[in-house]
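The residues making up each chain are set out below.
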Amino acid sequence: MRHVIALDVGGTGMKAALTGPRGEVLHRARRATGRAQGPDAVVAGILDFAAELHAYGTEQLATPASAAGVAVPGIVDEAEGVAVYAANLGWRDVPLRGLLAERLGVPVALGHDVRTGGLAEGRVGAGLGADRFLFVALGTGIAGAIGVDGRVEAGAHGFAGEIGHIVVRPGGVPCPCGQRGCLERFASAAAVSEAWAAAAGTPGADAADCARAVDSGDPRALAVWQQAVDALADGLVTALTLLDPRVLIIGGGLAEAGDTLLTPLREAIRSRITFQKQPTIVPAALGEAAGCLGAGLLAWDLLDHTDRMEVTP
């Protein structure tokens, strides 16, 4: 059966699949990234893992993969196929697309992990059917994906969607990016964890603990949560003003709080907009599978730039 290799590389683990022309998952696999062994070992592990998937497809599906799609963290030059920088993997200027294409002998697409996950959410997940969407992942940091007519915009230099570095509190907390007051310093899961641990006097407390305390009515948690919601709403209204999406998809670890986050966020955005139209605000639907599914979509897009639903095995 005709299929592609889909690979989502994370800081600690890799999720992979072989996907069919209609997005059906034909095989799943996982493997540790092996970052403790250094950046060269990580690259070697990716190449070996991809080669094993290629061999499995050839043997079990009676045909080799037609293409491969790979999602990686950090700064990615998608046009050149280079993983420019990823602090958690120790990468700088890794020509991953070329290395994989040489190893596998098939076309390879390389994508940024959040944009790739956003592609899946927009095309087959929570944004299904929307012509314009904005996907925002609230994790250790905050990043986004700008969706237009079934594709995700990477930008001229590969930085499109970095909503976490919109300055929402000028002169505020320093950010590793070099600015002060960036959104992700106030509204990421990491920022909420840090603020709640300090407020509760409990080292190691995290954003999930804060959300549970919010649900129980703890005034300290309510104050921490509202600070994050207000900052997030300020950043998102800036994004909505620029992009005018039809659907706003909220994902990442902080979004696991569900309506504890989404209900006050919807109200905070509603209270801030004037001429703008409030988009439909929904939680992400695909969970941790989004990056892998998106990588598969990237691979199919290499093979067919029309409606993939018309492709037959």
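What counts as what
Residues numbered from 1 in each chain as written. Predicted model: local features only at pLDDT ≥ 70, side-chain atom pairs only at ≥ 80, totals over all residues. Heavy atoms only, no water. Pairing = 2+ DSSP bridges. Helix = DSSP H or I, 4+ residues; strand = E, 2+ residues; numbered from the N terminus. Axes fitted to C-alpha atoms, helices over the stretch in contact; angles between N-to-C directions. Patch = residues over 30% accessible without salt bridge, like charges linked within 9 Å, V, L, I, M, F, W, Y side chains within 5 Å. Areas by Shrake-Rupley, 256 points an atom, 1.4 Å probe, with all protein chains shown as cover. Salt bridge = Lys/Arg side-chain N within 4 Å of Asp/Glu carboxyl O. pLDDT = per-residue confidence, 0-100. Contact = heavy atoms within 4.5 Å. Buried < 20%, exposed > 50% of the residue type's maximum accessible area, 1.4 Å probe, protein only. Core = buried A, V, L, I, M, F, W, Y, C linked by side-chain atoms within 4.5 Å.

**Re the sheet that holds strand S12 (residues 247-251)**
Here is step 1: In spatial order, the strands read S11-S10-S9-S12-S13; together these 5 strands make up an open sheet with mixed pairing. The sheet is open, and its two edges are formed by strand S11 (151-153) and strand S13 (280-283), each paired on a single side. Averaged over all adjacent pairs, the angle separating strand axes in this sheet is 30°, with direction ignored.
Here is step 2: As paired strands, strand S9 (residues 132-138) and S12 are joined by 5 bridges and run parallel to one another. Within S12, the position partnered with Leu134 by the bridge is Leu248.

**Observations concerning a nonpolar patch on the surface**
Here is step 1: A cluster of nonpolar side chains, Ile75, Tyr85 and Phe159, forms an exposed patch at the surface whose accessible area comes to about 260 Å².
Here is step 2: Among the secondary structure elements, Phe159 is positioned in the loop between S11 and helix H4 (184-187).

**Re the pairing of strand S6 (residues 82-86)**
Here is step 1: Bridging between strand S5 (residues 75-77) and S6 involves 3 bridges; their strand directions are antiparallel. From the neighbouring strand, Ile75 faces S6, where its bridge partner is Tyr85.
Here is step 2: Where S5 hands over to S6, the hairpin turn is made up of 4 residues, of which Gly81 adopts a positive phi near 75°.
Here is step 3: Bridge analysis of S6 against strand S7 (residues 91-94) gives 3 bridges, and the strand direction is antiparallel. Looking across to S7, one finds that Ala83 is bridged to Val94.
Here is step 4: Between S6 and S7, which follow one another and run antiparallel, lie 4 residues, and Gly90 among them has a positive phi close to 75°.

**Some points on the confidence of the model for the protein chain**
Here is step 1: With 97% of its residues at a pLDDT of at least 70, the protein chain reaches an overall mean of 93.
Here is step 2: Below pLDDT 50 for its whole length, residues 306-313 participates in 17 contacts with residues either more than four positions away or in separate chains.

**Here's the deal with unusual backbone geometry**
Here is step 1: Of note, Asp93 is a non-glycine position whose phi angle comes to about 55°, a positive value.
Here is step 2: In this structure Asp93 comes out as exposed when scored by relative accessible area, which is 55%.
Here is step 3: A positive phi angle, near 50°, is found at Asp149, a position not held by glycine.
Here is step 4: Judged by its relative accessible area of 57%, Asp149 falls in the exposed class.

**Some remarks on the nonpolar core**
The nonpolar side chains of soluble globular proteins are, as a tendency, buried together.
Here is step 1: Core analysis: the biggest nonpolar cluster contains 45 residues, and Val136, Trp225, Leu236, Ile250 and Ile269 have the highest contact counts within it.
Here is step 2: Taken together, the elements giving at least two residues each to this core come down to S9, strand S10 (142-148), H4, helix H5 (189-200), helix H6 (207-215), helix H7 (219-243), S12 and helix H8 (259-272).
Here is step 3: Looking at which element gives the most residues to this core, the answer is H7, with 12 residues.
Here is step 4: If near-sequence neighbours (up to four positions away) are discounted, Ile269 is found in contact with Ala233, Leu236, Val237, Leu240, Leu248, Gln278 and Ile281.
Here is step 5: Judged by nonpolar contacts, the second largest core, of 30 residues, contains Ile46, Val76, Ala83 and Leu110.

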